[in-house]
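One letter stands for each residue in the lines below.
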Amino acid sequence: MDIRKEHILVVILMAGIIGFFGIPHISQPSCQPVRQVDLDETFLVLPRETDLNVTFSVLPRMSYPQPFLDKPRRTDVLLMSPWLAPIVWEGTFNRDILNAQYRQKNVIVGVATFAVKKYVRFIEGFLGSANKFFLSGHRVNFYLFTDHPEKVPSMKLAPEKRLFIIPVQNYSRWQDISMNRMDIISSHIRSRWRYEVDYLYSMDIDVQMFEHIGVEIIDTLVGTISSWQYTKPRDSNSYERRPESRAAIPSGEGDFYYAASFYGGSVSEVYRLTTACFKGVTEDRANGIEAKWHEESHLNKYLLYHKPTRLLSPEYYWDEELSRPRIVRVKRLSSVRKDLKEVRF
Ligand SMILES: CC(=O)N[C@H]1[C@@H](OP(=O)(O)OP(=O)(O)OC[C@H]2O[C@@H](n3ccc(=O)[nH]c3=O)[C@H](O)[C@@H]2O)O[C@H](CO)[C@H](O)[C@@H]1O
Ligand SMILES: [Mn+2]
């Protein structure tokens, strides 16, 4: 067979293949994204997270009790969720080791808190106790939203702590103040915080800290188990069960009941959480329904289907009205008693 005949045969063969299978797809495995992600998921590539410097830092030599696999530090409480997220309890960790690890990372943690209308009265107790007990020795930016910036008391904070006062409008209904926190946090992450902090926590202002809350709270997605409902069966918890609400959790589902007073995680995870929860709030508003516990109901739904990577035990939000059981050895943070009727109106 001469060369020209060979060419013609190859061309006929190719045409047959193309005719039968279509034009072959030329794949570029090294350049193609592994999965289809929408822009909202990808925009948060944080400059601080893309630092590829290879540093071989080692921990300092430390002396501490040896861990043994057959000697659990606590046997009276659940230490791990069924999806292997640690549940943080007093007596289960060594803060010196954690501090040594985190000092090397030099992380900055943001705290978003709101003091609108009469809640300005809680600022001093919150900031005073957080200055002493919250991530002591680590860099923290407090972002305080208020409609009364002039009422923020001047306070001397530790050198590694900074306070940013951000004016915010008020709403006539306290429920709207509480729910809109999700939207405000989400938009501040987008415009600013993604450049400023590594982790972000949202906290109620009507709380005080009594013991250290350290780097043991830091992880990608963190929820706090409510002090009201940590032993209740899931079907008697306060989840929103009405299917008409976007916060609805079907009966028979639910892990823990999480408090909206204290949650957080990496900036990108908190962005996803607050954006999704506020979308739920907005859709409920359009449908003329409000979830049973407002944004807390939406938070509970979110954390059911996006499992937290770390859970804080009720030590991290103990309700002042409850008497403390033996398993809650430490009251690290607690709500301040308030006359609901007086303070919300
Ligand atoms: C322990 C717990 O589960 N707490 C939740 C529960 O709490 P609470 O009863 O603790 O709600 P709350 O009155 O503390 O309101 C939540 C937060 O919104 C802010 N605020 C509220 C009203 C106001 O007039 N001014 C103001 O600044 C403030 O930061 C406050 O701490 O229910 C609320 C909404 O149903 C939120 O989900 C809370 O996180
Ligand atoms: Mn509160």
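Residues numbered from 1 in each chain as written. Chains lettered and ligands numbered in written order. Predicted model: local features only at pLDDT ≥ 70, side-chain atom pairs only at ≥ 80, totals over all residues.

> Which parts of the structure should I look at to understand the pairing of strand β8 (residues 258–266)?
Taken residue by residue, a regular strand's side chains alternate between the two faces of the sheet. Judged by how many residues are buried, β8 sits mostly within the fold: nine of nine residues are covered. Relative to β8, strand β5 (residues 199–203) runs antiparallel, the two sharing five bridges. When the sheet's bridge partners are listed, Tyr-201 is paired in β8 with Gly-264. Bridging between strand β7 (residues 221–225) and β8 involves four bridges; their strand directions are antiparallel. Each residue of the ladder has a partner; that of Gly-223, found in β8, is Tyr-263. (Buried ≥ 20, exposed ≤ 12 C-beta atoms within 10 Å, placed from the backbone. Helix = DSSP H or I, 4+ residues; strand = E, 2+ residues; numbered from the N terminus. Pairing = 2+ DSSP bridges.)

> Looking at this model, I keep getting lost on unusual backbone geometry. Mind explaining?
Negative phi values dominate among residues other than glycine, just as trans dominates among peptide bonds. In this structure, Leu-84 takes a positive phi of about 65° despite not being glycine. By secondary structure assignment, the location of Leu-84 is in the loop between α2 (39–42) and β1 (87–88). Take Leu-84: there are 8 C-beta atoms within 10 Å of it, and that puts it in the exposed class.

> Looking at this structure, how should I read the sheet that holds strand β9 (residues 310–312)?
Two strands in a sheet stick together by hydrogen bonds in their backbones, pointing the same way (parallel) or opposite ways (antiparallel). Read across the sheet, eight strands follow the order β1-β9-β7-β8-β5-β2-β3-β4 without closing on themselves; strand pairing throughout is mixed. Two strands lie at the open edges of the sheet, namely β1 and β4 (161–167), each paired on one side alone. Against the sheet, helix α5 (residues 174–196) contacts β2 (108–115), β3 (139–146) and β5, and its axis sits at roughly 150° relative to β2. Of the strands in this sheet, β7 and β8 touch helix α7 (residues 295–305), which is tilted by about 50° from β8. (Contact = placed C-beta atoms within 7 Å. Axes fitted to C-alpha atoms, helices over the stretch in contact; angles between N-to-C directions.)

> Can you help me understand the packing of α5 against helix α6 (residues 267–286) in this one?
How two helices pack is summed up by the angle between their axes together with the distance between the axes. Look at α5 against α6: their axes get within 8 Å of each other, and the N-to-C directions meet at 145°. Here α5 and α6 pass one another in a crossing that is left-handed. Between α5 and α6, the residues in contact are Met-179, Met-182, Asp-183, Ile-185, Ser-186, Ile-189, Arg-190, Trp-193 and Arg-194 and Val-267, Val-270, Tyr-271, Thr-274, Thr-275, Cys-277, Phe-278 and Val-281, respectively. Taken together, the residues of the contact of α5 with α6 break down into eleven nonpolar, three polar and three charged. (Left-handed = near helix turned anticlockwise from the far one by under 90°. Nonpolar A, V, L, I, M, F, W, Y, C, P; charged D, E, K, R; others polar.)

> What is the right way to look at the environment of Leu-303 in this model?
The residue Leu-303 is located in helix α7 in this model. Spatially, the C-alpha atom of Leu-303 lies 31 Å from that of Arg-121, the residues being 182 residues apart in sequence. Filtering out sequence-adjacent residues up to four positions away, Leu-303 remains in contact with Gly-223, Tyr-258 and Pro-308.

> Looking at this model, I keep getting lost on the UniProt feature "active site" (unreviewed entry) in the protein chain. Mind explaining?
Annotation from UniProt places "active site" (unreviewed entry) at Glu-296. Positionally, Glu-296 belongs in helix α7. (UniProt positions renumbered as here; feature names shortened; annotations may be inferred.)

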